[in-house]
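Each chain, letter by letter, is given below.
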Amino acid sequence: MSDTDPNCLFCKIVAGDIPAEIVSETEHTVAFRDVDPQAPTHVLVIPRVHQPDIASLVDAAPEAAVELLKETRRVAQADGHDSYRLVFNTGPDAHQTVFHVHGHVLAGRSLTWPPG
Ligand code: DGP
């Protein structure tokens, strides 16, 4: 698989071709605010490399997967939150709509369980 997909929305955000409110960037990751926030803090942390889901990222680029996980806590704490939820919707039945792996970091309100 190529490192980028010209048809992928999140690859275009990584490339700067589509604007986003970016909150952090590292060698392997970009984090930006979700366009449709479900909590006061709702940040998506993605790898620069194009992989459809977290399992394929772990196989293809484990260093990017580790950095992505580290970034999730950093972006939550940067918004003042030690409590947060990290969600990887994986597959259409789990409500994945963008097939470039992304961790949702949700914080800033009381979150219920189980999720819908
Ligand atoms: P998921 O359903 O897990 O695949 O989440 C995809 C998320 O991506 C969803 O919460 C909305 C967000 N999203 C979709 N398009 C854009 C966009 O163009 N910009 C930003 N910032 N977020 C987007």
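As the structure is a prediction and not an experimental result, all values here were calculated from the model.

Draft legend 1. Focus on the site of the ligand. Close to the ligand lie 15 residues, the nearest being Asp34, Asn89, His95, Thr97 and His104. Between Val98 and the ligand, the recorded distance is 3.0 Å, taken from a backbone N or O atom to an oxygen atom. In the environment of the ligand, an oxygen atom lies 2.9 Å from a nitrogen or oxygen atom belonging to the side chain of His102. Taken together, the elements giving at least two residues each to the shell around the ligand come down to helix H1 (9-15) and strand S2 (29-33). Of all the elements, H1 adds the most residues to the shell around the ligand, at 3 residues. Of the residues contributing to the shell around the ligand, the split by class is 7 nonpolar, 6 polar and 2 charged.

Draft legend 2. The arrangement of the pairing of strand S1 (residues 22-25) in detail. As paired elements, S1 and S2 share 3 bridges and run antiparallel to each other. Within S2, the residue paired with Ser24 across the bridge is Ala31. Linking S1 back to S2 in an antiparallel pair, the connection comprises 3 residues.

Draft legend 3. Main features of the pattern of salt bridges. Counting across every chain of the model gives 4 salt bridges. Notably, a salt bridge pairs Arg33 with Glu21, separated by 3.4 Å at the nearest N-O pair. In this pair, Arg33 is assigned in strand S2 and Glu21 in the loop between H1 and S1, connecting sequence segments 12 residues apart. For the salt bridge of Arg48 with Glu25, the shortest nitrogen-to-oxygen distance reads 3.1 Å. Here Arg48, found in the loop between strand S3 (41-47) and helix H2 (54-60), pairs with Glu25, found in strand S1; they are 23 residues apart in sequence, far enough to count as distant. For Glu25, a relative accessible area of 49% gives the class partly exposed.

Draft legend 4. Structural context of the environment of Val87. Note that Val87 resides in strand S4 (residues 85-87). Sequence separation between Val87 and Leu106 is 19 residues; the distance between their C-alpha atoms is 8.1 Å. Ignoring any residue separated from it by four or fewer positions in sequence, one finds Val87 in contact with His102, Gly103, His104 and Leu106.

Draft legend 5. Looking closely at the packing of aromatic side chains. For the structure on display, the rule yields 1 aromatic pair. Between the aromatic rings of Phe10 and Phe32, the centroid separation amounts to 5.3 Å while the plane-to-plane angle is 80 degrees, which identifies the pairing as edge-to-face. Here the residue Phe10 occupies a position in helix H1, and Phe32 occupies one in strand S2, the gap between them amounting to 22 residues.

Draft legend 6. Representation of unusual backbone geometry within the structure. For the bond from Trp113 to Pro114, the omega torsion is 0 degrees, close enough to zero to count as cis. In the Ramachandran plot, His95 falls in the positive-phi region, its phi being about 70 degrees despite a non-glycine side chain. Tracing the backbone through its elements, the reader meets His95 in the loop between S4 and strand S5 (103-107). Owing to a relative accessible area of 58%, His95 belongs among the exposed residues under this scheme.

Draft legend 7. Representation of the nonpolar core in the model. Within the largest apolar cluster, 13 residues are counted, with the highest numbers of intra-cluster contacts made by Ala31, Val43, Val45, Leu57, Ala61, Val75 and Val105. Listing elements by their share of this core, those giving two or more residues are S3 and helix H3 (62-78). Counting residues per element, this core draws most heavily on H3, which supplies 5 residues. Non-local contacts of Val75, meaning those with residues more than four positions away in its chain, are made with Val23, Ser24, Ala31, Val43, Val45 and Val105. Judged by nonpolar contacts, the second largest core, of 9 residues, contains Cys8, Phe10, Leu44 and Val98.

So, how was this worked out
- Residues numbered from 1 in each chain as written.
- Predicted model: local features only at pLDDT ≥ 70, side-chain atom pairs only at ≥ 80, totals over all residues.
- Heavy atoms only, no water.
- Near = heavy atom within 4 Å.
- Polar contact = N/O pair within 3.5 Å; in protein donor to acceptor, adjacent residues only side chain to side chain.
- Helix = DSSP H or I, 4+ residues; strand = E, 2+ residues; numbered from the N terminus.
- Nonpolar A, V, L, I, M, F, W, Y, C, P; charged D, E, K, R; others polar.
- Pairing = 2+ DSSP bridges.
- Salt bridge = Lys/Arg side-chain N within 4 Å of Asp/Glu carboxyl O.
- Buried < 20%, exposed > 50% of the residue type's maximum accessible area, 1.4 Å probe, protein only.
- Contact = heavy atoms within 4.5 Å.
- Phe/Tyr/Trp six-rings, centres within 6.5 Å; stacked < 30°, edge-to-face > 60°.
- Core = buried A, V, L, I, M, F, W, Y, C linked by side-chain atoms within 4.5 Å.

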